[in-house]
Amino acid sequence: QPVAMTGGTCNHSRIAGNICFELRARLQGSDYEVLGLDAGVATIGDAVRYPDALVARAKEPATDRVVPGAVVVFEVPSPTSSLTDWIEKVREYQAVPSIRRYVILEHTSVGLVVHSRAKGDEPWIATALIDGEVLAMPEIGIEIPIAEFYEGTDFSEPGDHGG
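The notes below deal with the structure included here. Not measured: the values here are computed from a predicted model. (Residues numbered from 1 in each chain as written. Predicted model: local features only at pLDDT ≥ 70, side-chain atom pairs only at ≥ 80, totals over all residues. Heavy atoms only, no water.)

### Digging into the overall build of the protein chain
Logical step 1: Looking only at helices and strands, one finds 3 helices and 10 strands in the protein chain.
Logical step 2: Starting at the N terminus and walking to the C terminus, you meet the elements of the protein chain as α-β-β-β-β-β-α-β-β-β-β-β-α.
Logical step 3: Each of the 163 residues in the protein chain was classed as buried or not, and the buried ones make up 42%.
Logical step 4: For the protein chain, restricting intrachain contacts to residue pairs at least 6 apart in sequence, the fraction spanning at least 24 positions comes to 52%.
Logical step 5: Roughly 8,900 Å² of accessible area belongs to the protein chain as shown, and the carbon and sulfur atoms make up 54% of that amount. (Helix = DSSP H or I, 4+ residues; strand = E, 2+ residues; numbered from the N terminus. Buried < 20%, exposed > 50% of the residue type's maximum accessible area, 1.4 Å probe, protein only. Contact = heavy atoms within 4.5 Å. Areas by Shrake-Rupley, 256 points an atom, 1.4 Å probe, with all protein chains shown as cover.)

Set out below in structure tokens:
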């Protein structure tokens, strides 16, 4: 039974929305589709994960809850899901041959970690990217500057007015 993750921060919501927006803007008219939180990915055994965003190869029937052919998966960990996103999901998504890239975006600062591979039976290669760098996704033919995922976010502490 899937567990809905609720109570994320406003920055988490902004980042997740930006991911979908930037992907859709670049993939419009392509053979890829961008799906959000309600699209599941079947992983190991009976496990189904619901990433913040994913890119799949072809348009899937509107009634399907589990998306076959996911190529790129995006997660924005919350403080309560961090262990799951950084360890469990890394292993689970690696078990899905169609997934070539698993992107974990930081929600408290600008940066991300990309787990990528050229073929579905290879282990992940992890790379960290920071503000000013670009996330290249050759498997879907696009690139997105890291800063665009963080548009509208505010990382200042409540009551922090600079200094």
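So, next bit.
### A word on the nonpolar core
It is characteristic of soluble globular proteins that their nonpolar side chains tend to be buried jointly.
Logical step 1: Residues Ile19, Leu23, Phe74, Leu105, Leu135, Met137 and Phe149 are the most contacted members of the largest nonpolar core, which totals 25 residues.
Logical step 2: Top contributing element to this core by residue count: helix H1 (residues 10–27), with 5 residues.
Logical step 3: Apart from the residues lying within four places of it in its own chain, the contact partners of Leu105 are Ile15, Ile19, Phe74, Glu75, Val76, Pro77, Gly111, Leu112, Phe149 and Tyr150.
Logical step 4: Counting residues in each nonpolar core, the second largest holds 15 residues, with Val41, Ile99, Tyr102 and Trp124 among its members. (Core = buried A, V, L, I, M, F, W, Y, C linked by side-chain atoms within 4.5 Å.)

### Re the side chain of Glu22
Logical step 1: Inspection of the secondary structure assignment puts Glu22 in helix H1.
Logical step 2: According to the relative accessible area criterion, Glu22 is buried, its value standing at 7%.
Logical step 3: What Glu22 contacts, discounting residues up to four positions off in sequence, is Ile144 and Glu148.

### Observations regarding the pattern of salt bridges
Logical step 1: All chains considered together, the criterion is met by 6 salt bridges.
Logical step 2: Residues Glu22 and Arg26 are paired through a salt bridge, measuring 2.6 Å at the closest nitrogen-oxygen approach. One end of the pair, Glu22, and the other, Arg26, are both in helix H1, 4 residues apart, so they sit about a helical turn from each other.
Logical step 3: Using a relative accessible area of 28% as the deciding quantity, one classes Arg26 as partly exposed. (Salt bridge = Lys/Arg side-chain N within 4 Å of Asp/Glu carboxyl O.)

### A closer look at the sheet that holds strand S7 (residues 111–116)
Logical step 1: Pairing is mixed across the open sheet formed by 6 strands, whose spatial order is S1-S4-S5-S6-S7-S8. Of all strands in the sheet, those bounded by a partner on one side alone are strand S1 (33–35) and strand S8 (125–130). When strand polarity is set aside, the average angle formed by the axes of neighbouring strands in this sheet is 15°.
Logical step 2: Across 4 bridges, the pairing between strand S4 (residues 53–56) and strand S5 (residues 70–75) is antiparallel. Bridging from a neighbouring strand, Leu54 pairs with Val73 of S5. (Pairing = 2+ DSSP bridges. Axes fitted to C-alpha atoms, helices over the stretch in contact; angles between N-to-C directions.)

### Focus on helix H2 (residues 82–94)
Logical step 1: Its 13 residues place the ends of H2 17 Å apart at the C-alpha level, agreeing with the 18 Å of an ideal helix rising 1.5 Å per residue.
Logical step 2: Those residues of H2 hidden inside the fold are in contact with strand S2 (41–42), strand S3 (48–49), S5, strand S6 (101–105) and S7. (Expected span 1.5 Å × (residues − 1).)

### Things to note about the pairing of S5
Walk down a regular strand and you will see the side chains alternate between the two sheet faces.
Logical step 1: Burial within S5 is extensive, with 6 of its 6 residues counted as buried.
Logical step 2: In the sheet, S5 pairs with S6 via 4 bridges, with the strands oriented parallel. Paired with Glu75 across the strands is Ile104, a residue of S6.
Logical step 3: Running through H2, the crossover from S5 to the neighbouring parallel element S6 is right-handed. (Right-handed = clockwise from strand over helix to strand, strands pointing away.)

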